[in-house]
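Descriptive analysis of the structure
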Amino acid sequence: MSLDVSPQLLAEAENGEVREQDFVETVRTSLPYAYDLIARLAEELRSGTAEFADNQTPPPSEKERGQLLRALSSDAIRGSLERHFGIALAFQNCHRVAAFHPEARGGETHTRFTSLRAQILNQSPEFRDC
C-alpha cells in the first residue's frame, strides 16, 4: 500500500472531494523519505540560481527507494507535491529526481534532462534492478 489513509480522509473521499492539503499531509506521513527529498530539492531550487536542483544520491535502503518510486509513479501524488512546493518534477531512474521551476517545463534544460539521450546516459549496471 502506498499511503496510510486515515479513516477521516477515507470518509472525505467517499463523500466527495478531498482537500489537497489533507492529501499532501497523508503523503508526508506515509512516504516521509520521498516527501523530505522533494522538499529539500524545492528549497535548493528556490534558494539557488541553478535552473534545477536534483538528487543523485541513492536512497539508503529499498524501503526509501520504494517510497520515492511510489510518489513519482502516482499522478495524484506527484501532481499534489508539484503544486504544494510550486515546482515541476522530472525523474530519470530509481533516485535521480529533479525539481524545476514550473515555467521551465518544456524549456531547453528541462527537455534535455527528460530526453531519451539523458535517460540512456544516466544508466549504469547498478540501476538495472531498481
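Our structure is the block above this text.
Residues numbered from 1 in each chain as written. Predicted model: local features only at pLDDT ≥ 70, side-chain atom pairs only at ≥ 80, totals over all residues. Heavy atoms only, no water.

1. Focus: the nonpolar core
Ranked by internal contacts, the top residues of the largest apolar core, which has 23 residues, are Ile77, Leu81 and Ile87. If you list the elements that add at least two residues to this core, you get helix 2 (20-30), helix 3 (32-47), helix 4 (62-73), helix 5 (75-85) and strand 3 (97-100). Not counting residues within four places of it along the chain, the set of residues in contact with Leu81 comprises Val27, Tyr35, Ile38, Ala71 and Ile87. If you look at the next biggest cluster of nonpolar residues, it comprises five residues, including Ala88, Ala90, Ala98 and Phe100. (Core = buried A, V, L, I, M, F, W, Y, C linked by side-chain atoms within 4.5 Å. Buried < 20%, exposed > 50% of the residue type's maximum accessible area, 1.4 Å probe, protein only. Helix = DSSP H or I, 4+ residues; strand = E, 2+ residues; numbered from the N terminus. Contact = heavy atoms within 4.5 Å.)

2. Remarks on the pairing of strand 3
Burial along strand 3 is two-sided: Val97 and Ala99 facing one way and Ala98 and Phe100 facing the other are all buried. For strand 1 (residues 52-54) and strand 3, the ladder comprises three bridges, and the chain directions are antiparallel. By the bridge assignment, Ala53 is partnered in strand 3 with Ala99. Counted between consecutive antiparallel strands, the loop separating strand 2 (residues 88-91) from strand 3 contains five residues. (Pairing = 2+ DSSP bridges.)

3. Quick look at the pattern of salt bridges
Two side chains that carry opposite charge are able to pair once their charged atoms sit near each other. Within the structure shown, the criterion is met by nine salt bridges. A salt bridge links Glu62 to Arg65; the nearest nitrogen and oxygen atoms lie 3.2 Å apart. Within this pair, Glu62 and its partner Arg65 are both found in helix 4, separated by three residues, close to a single helical turn. On the accessibility criterion, Arg65 (11% relative accessible area) is buried. (Salt bridge = Lys/Arg side-chain N within 4 Å of Asp/Glu carboxyl O.)

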